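Each chain is listed here by its residues.
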Amino acid sequence: MVRGLRCPEDRWAWVEINLDALRQNTAALKRLMDRDTLMMCVVKADAYGHGAVRCAKAMLRAGADQFAVATVAEGVELREAGIRQPIAILSEPPVETVQTIVDHDLSPAVFNQSFALALGECAAAAGKVATYHLAIDTGMTRIGVNWRDALELRRSIDFHRGIECAGTFTHFATADVPRDWDFEMQARRFFDAVDNIDAAGLSTGLVHCANTPATMMHPRVHMDMCRAGIGLYGLYPSAETRKVANLSPVMSVRGRITRVERPEVGTGVSYGLTYRVPRPNIQICTVPIGYADGLSRVLSGNMDVLVNGERCRQVGRICMDQFMFEVSVNNVRAYRPTRAVEYGDVVTILGSDGSETILADDMAARRNTINYEVVCDFGLRLQKIYV
């Protein structure tokens, strides 16, 4: 049985965010770093579905020094919520956003001369100096100036009085793979590029390249600052990282039963009637959570839920706003709850109830995806309740 329940009044479906777990995870990752190493907490995509503003404020109390987002709008949201710490944008936005960036003191990634100079012109016109983080592509082939050309780019923009380098970074593609050759190659390329910039007498700002797996598995690349992401939310980027720190999932997903029926044998359930009631005395229960809320339709007939501390099988196709599950009362089968369920009972889709737990990793494995996507999806529409 789920204790201390809080839920929205207007819809019996919600995401539950445990701020104590978030603070504990932040502190656990911070302890992996040297005392002088700063911690940049990644709160992009609404803090991976967990709520960026509330999470950022909780992280601050647990040791966060800076924040990172993916878009200008995400950075503005933090500023308008009163976050005054440095905020990096982990991409180079469209040039049309430079005024907003300057107005809100954000630090975008830079890897194109034209964008950098436009940012500098805008800042200088406002009597300011805009900061940026130089993004270096060391082999992931996503964003950044090629590592061989990083010094040349810096030389082409550093004359401008309206911009200043606050950091130099890259992103690892395989930091979660032990003893990986590609990771080592990326690290060497990054260090070479940083050394070249430094040897030319140009400031690198804060050097950072360690994402969550690199923070946990590769202390030698911690540099001036680590960028912690998925681990903050109690999710592990790989099985190997479970050995390094004890993290607790921050997100649970719950709903309440809105309908309970005992259909006749042979009655179909949901679109396509892919499931039919196989025997008497089976309850079919409806919960108001569907694929528009992040519960992937791919999971139809291939997932469990928890109710009253016991597992029940989801049946029929998951709908846009609802799904159904079965309770086999007084029948011997794999799922055999000890009692019937009732209208209003709490159902756990992700999280713990009693001794049973459903992890984002479990759901990700059944969806053939990663835990990152699972929690991001649930954060899109469901109301967040902070506990």
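Preceding this paragraph is the structure being described.
This structure is a prediction, so every number in the text was calculated from the model and none was measured.

A.B. asks: Any chance you could explain unusual backbone geometry here in plain terms?
C.D. replies: When glycine is set aside, most residues are seen to have a negative phi, and most peptide bonds are trans. Unlike most non-glycine residues, Arg 179 shows phi in positive territory, near 50°. Mapped onto the elements, Arg 179 comes out in the loop between strand S8 (163–169) and helix H8 (181–199). One non-glycine residue, Ser 270, adopts positive backbone phi at about 70°. You can call Ser 270 buried: its relative accessible area is 18%.

A.B. asks: Mind showing me how you'd approach the pattern of salt bridges here?
C.D. replies: Between side chains of opposite charge, a pair can form when the charged atoms approach closely. Tallying each qualifying case throughout the model produces 16 salt bridges. A salt bridge links Arg 254 to Glu 16, with the nearest nitrogen and oxygen atoms 3.2 Å apart. With Arg 254 in strand S11 (residues 251–256) and Glu 16 in strand S1 (residues 13–17), this pair connects stretches of sequence that are 238 residues apart. No difference in accessibility class separates Arg 254 from Glu 16, as the two residues are buried. With its nearest N and O atoms 2.4 Å apart, the salt bridge here joins Arg 220 to Glu 184. Here Glu 184 lies in helix H8 and Arg 220 lies in the loop between helix H9 (212–217) and strand S10 (225–228), a separation of 36 residues in the sequence. You can call Glu 184 partly exposed: its relative accessible area is 28%.

A.B. asks: Sorry if this is basic, but what is going on with the environment of Pro 280 here?
C.D. replies: Tracing the backbone through its elements, the reader meets Pro 280 in the loop between strand S14 (275–276) and strand S15 (282–287). Given a relative accessible area of 54%, Pro 280 falls into the exposed group.

A.B. asks: Please explain the pairing of strand S18 (residues 323–328) as it appears in this structure.
C.D. replies: The side chains of a regular strand alternate between both faces of the sheet. Among the 6 residues that make up S18, 6 are buried, leaving the element largely enclosed by the rest of the structure. Of the two faces of S18, the one lined by Phe 323, Phe 325 and Val 327 and the one lined by Met 324, Glu 326 and Ser 328 are each fully buried. Taken together, the 6 bridges between S15 and S18 define a ladder with antiparallel strand orientation. Looking at the pairing, Val 287 lines up with Phe 323 of S18.

A.B. asks: Could you clarify how one ought to interpret the state of the cysteines in this entry?
C.D. replies: By definition, a disulfide links the sulfur atoms of two cysteine residues through a covalent bond. Overall, the coordinates contain 0 disulfides when judged by the stated rule. No disulfide involves Cys 165; its sulfur sits 14 Å from the nearest other cysteine sulfur, which is in Cys 209. Distance from the sulfur of Cys 319, which forms no disulfide, to the nearest cysteine sulfur (Cys 285) is 15 Å.

A.B. asks: What's the story with helix H1 (residues 19–30) in this structure? I'm lost.
C.D. replies: An α-helical turn contains 3.6 residues, so a residue and the one three or four places further along point in the same direction. Across its 12 residues, H1 extends 16 Å between first and last C-alpha, which sits within 8% of the 16 Å expected from 1.5 Å per residue. Where H1 is concerned, the buried positions are Leu 19, Ala 21, Leu 22, Asn 25, Thr 26, Ala 28 and Leu 29. For H1, the elements touching its buried residues are S1, strand S2 (38–42), helix H3 (52–60), H9, S10 and strand S21 (383–386). At the N-terminal end of H1, a side-chain oxygen is found 3.1 Å from the backbone nitrogen of Asp 20, two or three residues along, and the residue is Asn 18.

A.B. asks: Honestly, the nonpolar core in this entry has me stumped. Any pointers?
C.D. replies: With 110 residues, the main nonpolar core has Met 59, Phe 67, Leu 78, Leu 295, Phe 325, Ile 349 and Phe 378 as its most contacted residues. Counting residues in each nonpolar core, the second largest holds 8 residues, with Tyr 275, Val 277, Ile 282 and Met 324 among its members.

A.B. asks: Sorry if this is basic, but what is going on with H8 here?
C.D. replies: With 19 residues, H8 should cover 27 Å at 1.5 Å per step; its first-to-last C-alpha distance of 27 Å lies within 8% of that length. Looking at H8, one finds that the buried residues are Phe 183, Met 185, Gln 186, Ala 187, Phe 190, Ala 193, Val 194 and Ile 197. Structurally, H8 contributes buried residues whose contacts are with strand S6 (130–137), helix H7 (150–157), S8 and strand S9 (206–210). For H8, the N-terminal cap is Asp 180; the gap from its side-chain oxygen to the backbone nitrogen of Asp 182 is 3.1 Å. Directly after H8, the chain includes Gly 201, whose backbone phi takes a positive value near 80°.

A.B. asks: Explain the packing of H7 against H8 to me, please; I cannot follow it from the model alone.
C.D. replies: Helix-helix packing: each pair is described by the crossing angle between the helix axes and the interaxial distance. The N-to-C vectors of H7 and H8 enclose an angle of 35°; their axes lie 9 Å apart at closest approach. For the crossing formed where H7 meets H8, the hand is right-handed. Residues Ala 150, Leu 151 and Arg 154 of H7 lie in contact with H8, whose contacting residues are Ala 193, Asn 196 and Ile 197. In terms of residue class, the contact of H7 with H8 is made up of 4 nonpolar, 1 polar and 1 charged.

A.B. asks: Looking at this structure, I do not really get the side chain of Thr 286. What am I missing?
C.D. replies: Tracing the sequence through the fold places Thr 286 in strand S15. Of the residues examined, Thr 286 reaches a relative accessible area of 9% and is grouped as buried. Residues contacting Thr 286, with those up to four places away along its chain left out, are Arg 256, Ile 257, Thr 258, Arg 259, Gln 322, Phe 323 and Met 324.

A.B. asks: What is the right way to look at the packing of aromatic side chains in this model?
C.D. replies: Ring pairs (aromatic) are described by centroid distance and by the angle formed between their planes. A full pass over the atoms with the stated rule returns 5 aromatic pairs. With a centroid separation of 5.2 Å and 50° between ring planes, the pair formed by Trp 12 and Tyr 343 is classed as tilted. Placement of Trp 12 in the segment before S1 and of Tyr 343 in the loop between S18 and strand S19 (346–353) is noted, with a sequence separation of 331 residues between them. The structure contains a cluster of three or more aromatic residues connected by ring pairs, namely Tyr 48, Tyr 233 and Tyr 372. Across from the ring centre of Trp 12, 4.2 Å away, lies the NZ or CZ of Arg 256, which sits over that ring.

A.B. asks: Even after reading the chapter, I still don't get the packing of H1 against H3, so can you show me in this structure?
C.D. replies: Contact pair H1 / H3: the axes reach a minimum separation of 9 Å and the direction vectors enclose 50°. What the angle tells us is that H1 and H3 run oblique. The two elements H1 and H3 cross, and the hand of that crossing is right-handed. Between H1, through Leu 19, Leu 22, Arg 23 and Thr 26, and H3, the contact on the second element is made entirely by Arg 54, Cys 55, Ala 58 and Met 59. Here the residues of the contact of H1 with H3 are counted per class, giving 5 nonpolar, 1 polar and 2 charged.

So, how was this worked out
Within each chain, residue numbers correspond to sequence positions counted from 1 in written order. Local features in a predicted model are, by the rule used here, given only for residues with pLDDT of at least 70; side-chain atom pairs are given and counted only at 80 or more, and totals for whole chains, interfaces and linings are based on all residues. Derived side-chain values reflect all non-hydrogen atoms in the structure, with water molecules and hydrogen atoms excluded from consideration. Secondary structure elements are defined from DSSP: runs of H or I of at least 4 residues count as helices, runs of E of at least 2 residues count as strands, and each element is numbered from the N terminus. Categorising residues by exposure relies on relative accessible area from a 1.4 Å probe, with only protein chains included: less than 20% of the type maximum marks a residue as buried, more than 50% marks it as exposed, and the intermediate range marks it as partly exposed. Counted as salt bridges are all cases of a side-chain nitrogen of Lys or Arg within 4 Å of a carboxyl oxygen of Asp or Glu. Should DSSP find at least two bridges between two strands, the strands are regarded as paired. Note on terminology: pairs of cysteine sulfur atoms within 2.5 Å are recorded as disulfides. Multiply 1.5 Å by the residue count of a helix minus one, and that product is the helix's expected span. We call two residues contacting when some pair of their heavy atoms lies within 4.5 Å. Definition of a polar contact: a pair of N or O atoms within 3.5 Å, with one able to donate and the other able to accept a hydrogen when the atoms are protein atoms, and with sequence-neighbouring residues admitted only if both atoms are side-chain atoms. What makes a nonpolar core is a set of buried Ala, Val, Leu, Ile, Met, Phe, Trp, Tyr and Cys residues whose side-chain atoms join them at distances within 4.5 Å. In this analysis an axis means a line fitted to C-alpha atoms, helices contributing only their contacting stretch, and an angle means the value between N-to-C directions, from 0 to 180 degrees. What makes a crossing left-handed is the near helix being turned counterclockwise from the far one by less than a right angle; a clockwise turn instead makes it right-handed. All residues other than Ala, Val, Leu, Ile, Met, Phe, Trp, Tyr, Cys, Pro, Asp, Glu, Lys and Arg, Gly among them, are scored as polar; the first ten of these are nonpolar and the last four charged. For Phe, Tyr and Trp, where Trp contributes only its six-membered ring, two rings pair if their centres lie within 6.5 Å, and the inter-plane angle classes them as stacked under 30 degrees, edge-to-face over 60, or tilted in between. By the criterion adopted, a ring carries a charge over it if an Arg CZ or a Lys NZ lies within 6 Å of its centre and within 35 degrees of its normal. Between 65 and 115 degrees an angle is taken as roughly perpendicular, under 35 as roughly parallel, over 145 as roughly antiparallel, and anywhere else as oblique.

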